[in-house]
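Chain by chain, the residues:
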Amino acid sequence: MSTTRKINLNISGMNCASCEKLIGLALNKVKGVVSSKINHKNGTGQVEADDSVDKNAVLQAIKNAGYEAIFLADANTDLILEKKTVKSTEPFKIRFEATEEADGEFSQKEGEKYAFNGKLTRRNKGEFEIPQGREDINQMVDDFSKSTKLNKLFSFFLGSGESKISETRVSAPARNGIAQVNLSLEGMHCASCAKIIEHSLKNVSGVKDANVNFAAEKARVLYDESTTSVEKLISAVKTAGYKAEIFDNSDPDADKNKREEQIKGYRRKFLWGLVLSLPMLYFMFFDFKLFDFLPGKELLLPYVGIVSLILTLPVQFIIGAGFYKGMWSSLKMKTFNMDSLIAIGTSTAFIYSLVQYVNYAWTYGSLLGLGGEKIPELYFETAAFLITFVVLGKWLETKAKGRTSEAIKKLMGLQPKTARVVRSGKTIDIPIEQVVIGDIVVVRPGEKVPVDGEINKGHSSVDESMLTGESIPVEKDIGASVIGASVNKNGSFEFRATKVGNETALAQIIRLIEEAQGSKAPIQAFADRISAWFVPIVIILAALTFVVWFFVLQASLTFSLMAFVSVVVIACPCALGLATPTAIM
């Protein structure tokens, strides 16, 4: 008789009850799993399975469903908790101790490694030293003790291997700690995508506000540091089907390089799509008597069907793979986006043509057109050209979005790349990133001031028009402040660096502009609301178009399907999602 055990998991990336169902369905397919309970609110799960179950298969099943999981301590692990009150001047300490007791024997078969047969018993002990008068820490420990997160701490610090003792100092919980993070996003195709990401971020516990800017491909998130973390925010974006990372404004070329890679990628996809689609454009001319003069018509007509199918396959499922991924991501979030329109429209044309081709080959026993004619009722070129032209639009769109950030790039270009500093009595040139507060910086006539500071030697006039707009240079003496990226005119001087890196006046201006781009004007929020409803309405109207033409007006199936595809593909919310944020930049 087989016995079962309970496996506790910590699962990241869950947002709603639908996530629980997705993970549950994935776990039920794992051999040996009896049942599972998933809770998206606290990010935990418990799996009841046979002793023979492969634990790695459990983790892989959850990963395949689009989430990440780690094991917690087993449910039957002995856990002892102790709380001690120490002086108010003492720090808050946590002490972990774990022991494992083995009862059994080792055995070895010929040519194999040693194996242990027996029972392993683990005992975990947690000791908390709480400063006197800190009721907030005391309450936190009580709450922590009642949750599976305590076992997660044991797993993190002690692992599942040899016994050891670990002592760690941690800071007291933050009080009303609201932080802001700017995320750089990838994979958005329209305003609906931005809405999905924004919805996913707002569903993360502890998030106070989230603004996603489609044109700038950035998100600005306000969150409670004591409740959530940046890793959870990035995980939420990943679960929604997109990529996110912390925006690094220390590298002025990072955003430019990323944009150039995207532009090259779409350009490459478009050119391949065009090359594969052009032969089908040539085949289309055979249907018009006006183009009877084109060579190869009689020879090529029987091969039109099979050649079109072969050429369309890579366009539909390689070049157009991103549309299917986007549609699947939106369906998991119980919504639609522009990818849904393109995927449904092109798939309808492709599948209809494929069914017609297979039916013809089955009926007549030939993969080629008979009697020197092409196989009728095939529309592979419709699917191929639609995807190719949409990719062309994305290529041009990406280039347009890149131009909206030119102001920031020009500001970043004002800052010099190097600084001349005095260290150990020697004057050396170093990268501006290596300048630290307190460095003595030397500026000669005609050079740019590398960072903010205060003059301690020399006299000059400085052009600060980049900041103030004043065309007349400002006289600077000892004790005067200088601003990074301003231009030294006549004299030379030395100054002590007071603000470097992201704290300089120029860096703060750049940050304010980026935050303005990351926020939304009321008209942009209105456009996003329209886009969110636009896609499902289009799908309903397309279905209604098909029903009216086919069932009411008695049109042919081919004409009705083409009408359906036309409504789905032509009605695209990209212009609405791009025009508004671009116009207000």
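Residues numbered from 1 in each chain as written. Predicted model: local features only at pLDDT ≥ 70, side-chain atom pairs only at ≥ 80, totals over all residues. Heavy atoms only, no water.

**Details of the overall build of the chain**
Moving on, step 1. Tallying secondary structure elements over the chain gives 18 helices and 21 strands in all.
Moving on, step 2. Within the chain, the proportion of its 585 residues that are buried is 42%.
Moving on, step 3. Just so you have it, the chain exposes about 31,400 Å², and 57% of that area is on carbon and sulfur atoms. (Helix = DSSP H or I, 4+ residues; strand = E, 2+ residues; numbered from the N terminus. Buried < 20%, exposed > 50% of the residue type's maximum accessible area, 1.4 Å probe, protein only. Areas by Shrake-Rupley, 256 points an atom, 1.4 Å probe, with all protein chains shown as cover.)

**What to know about helix α10 (residues 321-332)**
Moving on, step 1. Taking 1.5 Å of rise per residue, the twelve residues of α10 would be expected to cover 16 Å, and the 17 Å separating its terminal C-alpha atoms lies within 8% of that figure.
Moving on, step 2. Taken residue by residue, α10 has F323, G326, M327, S329, S330 and K332 as its buried positions.
Moving on, step 3. In the stretch just after α10, K334 is the one whose phi turns positive, near 60°. (Expected span 1.5 Å × (residues − 1).)

**Quick notes on the confidence of the model for the chain**
Moving on, step 1. Scored by pLDDT, the chain has a mean of 77; 76% of the residues are at 70 or more.
Moving on, step 2. The least confident element of the chain, judged by mean pLDDT, is strand β8 (residues 165-169) at 33; the most confident is strand β15 (residues 440-443) at 94.
Moving on, step 3. Here residues 156-176 is modelled with pLDDT under 50, and outside its nearest four sequence neighbours on either side it reaches 44 contacts, counting other chains as well. (pLDDT = per-residue confidence, 0-100. Contact = heavy atoms within 4.5 Å.)

**Let's talk about the pairing of strand β14 (residues 426-431)**
Moving on, step 1. Of the pairings in the sheet, the one linking strand β13 (residues 418-423) to β14 comprises six bridges and is antiparallel in character. Its bridge partner lying in β14, R423 is registered against K426.
Moving on, step 2. Taking the residues between adjacent antiparallel strands as the criterion, β13 and β14 are bridged by two residues, where S424 takes a positive phi near 55°. (Pairing = 2+ DSSP bridges.)

**A closer look at the pairing of β15**
Moving on, step 1. Burial along β15 is two-sided: the residues I440 and V442 and V441 and V443 are all buried.
Moving on, step 2. Relative to β15, β13 runs antiparallel, the two sharing three bridges. Note that in β15 the partner of R420 across the bridge is V442.

**Things to note about the sheet that holds strand β20 (residues 487-488)**
Moving on, step 1. A sheet is described by the order of its strands in space; here three strands give the open sequence β18-β17-β20, paired in antiparallel fashion. What marks the edges here is a single partner per strand, and that holds for β18 (474-476) and β20.
Moving on, step 2. Pairing geometry for strand β17 (residues 460-463) and β18, over three bridges, is antiparallel. When the sheet's bridge partners are listed, V462 is paired in β18 with V474.

**Structural notes on the packing of aromatic side chains**
Moving on, step 1. Enumeration over the complete set of coordinates arrives at 14 aromatic pairs.
Moving on, step 2. Where F493 meets F495, the ring centres are 6.2 Å apart and the plane angle is 45°; that geometry is what we call tilted.
Moving on, step 3. For F493, a relative accessible area of 3% corresponds to the buried category.
Moving on, step 4. An aromatic cluster of at least three residues, connected via ring pairs, comprises F317, Y324, F350 and F380. (Phe/Tyr/Trp six-rings, centres within 6.5 Å; stacked < 30°, edge-to-face > 60°.)

**Notes on the environment of R267**
Moving on, step 1. For R267, the position within the fold is in helix α7 (residues 254-284).
Moving on, step 2. Under the relative-accessibility criterion, R267 is labelled partly exposed at 44%.
Moving on, step 3. Once the C-alpha coordinates of R267 and W395 are considered, the two residues, 128 residues apart in sequence, prove to be 6.0 Å apart.

**Here we look at the nonpolar core**
Moving on, step 1. The biggest cluster of nonpolar side chains holds 42 residues, and the ones touching the most others in it are F323, F380 and V391.
Moving on, step 2. Those elements giving two or more residues to this core turn out to be α7, α9 (304-319), α10, α11 (338-364), α12 (380-403), α16 (522-552) and α17 (557-570).
Moving on, step 3. Counting residues per element, this core draws most heavily on α11, at nine residues.
Moving on, step 4. Not counting chain neighbours up to four residues away, the residues in contact with F323 comprise D339, I342, A343, I387, V390, V391 and K394. (Core = buried A, V, L, I, M, F, W, Y, C linked by side-chain atoms within 4.5 Å.)

**Quick word on the sheet that holds strand β1 (residues 4-12)**
Each strand in a sheet pairs with another by means of backbone hydrogen bonds, the pair being arranged parallel or else antiparallel.
Moving on, step 1. Within the open sheet, the four strands sit side by side as β2-β3-β1-β4. Their pairing is antiparallel. Of all the strands in the sheet, just β2 (33-39) and β4 (68-71) have a single pairing partner and so form its edges. Between one strand and the next, the sheet's axes are offset by a mean angle of 25°, whatever the strand orientation.
Moving on, step 2. Pairing between β1 and β4: four bridges, direction antiparallel. Residue pairing in the sheet places S12 in a bridge with E68 of β4.
Moving on, step 3. Lying over the sheet, helix α1 (residues 17-28) contacts β1, β2 and β3 (44-50), oriented at roughly 165° with respect to β2.
Moving on, step 4. Packing against the sheet, helix α2 (residues 55-64) makes contact with β1, β2 and β4, and its axis sits at approximately 155° to β4. (Axes fitted to C-alpha atoms, helices over the stretch in contact; angles between N-to-C directions.)

**Regarding the environment of A563**
Moving on, step 1. Here A563 lies in helix α17.
Moving on, step 2. Of the residues examined, A563 reaches a relative accessible area of 12% and is grouped as buried.
Moving on, step 3. Residues A563 and T545, spaced 18 residues apart in sequence, show a C-alpha to C-alpha distance of 6.8 Å.
Moving on, step 4. If we skip the residues at most four places from it in the chain, A563 touches T545 and W549.

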